[in-house]
Amino acid sequence: MSNTYTESIFHDALQEAEGIKMGGETITNIRYADDTALVTENLADLQRSLDRVHQESNRRGLRINLKKTKFMIVDRMQTDTGNLTLDGEVIERVKRFKYLGTSLNEEMDPDEDLRIRIEITRTAFVKK
């Protein structure tokens, strides 16, 4: 699918979304190729953003693949404990995932990614 088409879907779906504020800008999503991360301050805003993207995608004949859709709440205090749904189906919540080669986790612990990268490097040297 063309980037122009998906850009249009996300633009139309998220133009009223809350997102997060960074450097005076509102960030509602992060996309690379066919990977997308919706970004919000809380679970309720995430559900609204997902619903908007789902509705706009459906309107244009596209479907979100529920089997490939996961969500993670990044919160050191772990205060948001609800579910996220799409068409009445509960979306799987994960504690960590890899995005563009970086290991992300719900505690925002950069040490985990660093440990993984060190182990990969060590393994590469041991093989030689």
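> Describe unusual backbone geometry, and please don't skip the residues or the numbers.
Look at aspartate 87: it is not a glycine, yet its phi comes out positive at around 55°. In this structure, aspartate 87 sits in the loop between strand E6 (85-86) and strand E7 (89-90).

> Break down helix H2 (residues 43-59) for me, with residues and values.
Spanning 17 residues, H2 covers 24 Å between terminal C-alpha atoms, matching the ideal 24 Å at 1.5 Å per step. Taken together, the buried positions of H2 are occupied by Leu43, Asp45, Leu46, Gln47, Ser49, Leu50, Val53, His54, Glu56 and Ser57. As for H2, its buried residues are in contact with helix H1 (3-14), strand E4 (35-38), strand E5 (70-71) and E6. Residue glycine 61 follows H2 closely and has a positive phi angle near 85°.

> I'd like a description of the side chain of threonine 40, backed by residues and values.
Note on placement: threonine 40 falls in the loop between E4 and H2. Overall, the relative accessible area of 18% leaves threonine 40 in the buried class. A polar contact of 2.9 Å, which involves the side chain of threonine 40, links it to the backbone oxygen of asparagine 42. A distance of 3.3 Å separates the side chain of threonine 40 from the backbone nitrogen of leucine 46, its partner in a polar contact. Not counting residues up to four positions away in its chain, the partners in contact with threonine 40 are Gly19, Ile20, Asp45, Leu46 and Ser49.

> An account of H1 is needed here, citing residue identities and associated values.
Under the 1.5 Å per step criterion, the end-to-end length of H1 is 16 Å for 12 residues, consistent within 8% with the ideal 16 Å. Residues Thr6, Ile9, Phe10, Ala13 and Leu14 constitute the buried set of H1. Considered in projection along H1, the buried side chains sweep an arc of 100° and stay on one side of the axis. Packed against the buried residues of H1 are strand E3 (29-32), E4 and H2.

Reading guide: rules and limits
- Residues numbered from 1 in each chain as written.
- Predicted model: local features only at pLDDT ≥ 70, side-chain atom pairs only at ≥ 80, totals over all residues.
- Heavy atoms only, no water.
- Helix = DSSP H or I, 4+ residues; strand = E, 2+ residues; numbered from the N terminus.
- Expected span 1.5 Å × (residues − 1).
- Buried < 20%, exposed > 50% of the residue type's maximum accessible area, 1.4 Å probe, protein only.
- Contact = heavy atoms within 4.5 Å.
- Polar contact = N/O pair within 3.5 Å; in protein donor to acceptor, adjacent residues only side chain to side chain.
- Arc of directions from axis to C-beta.

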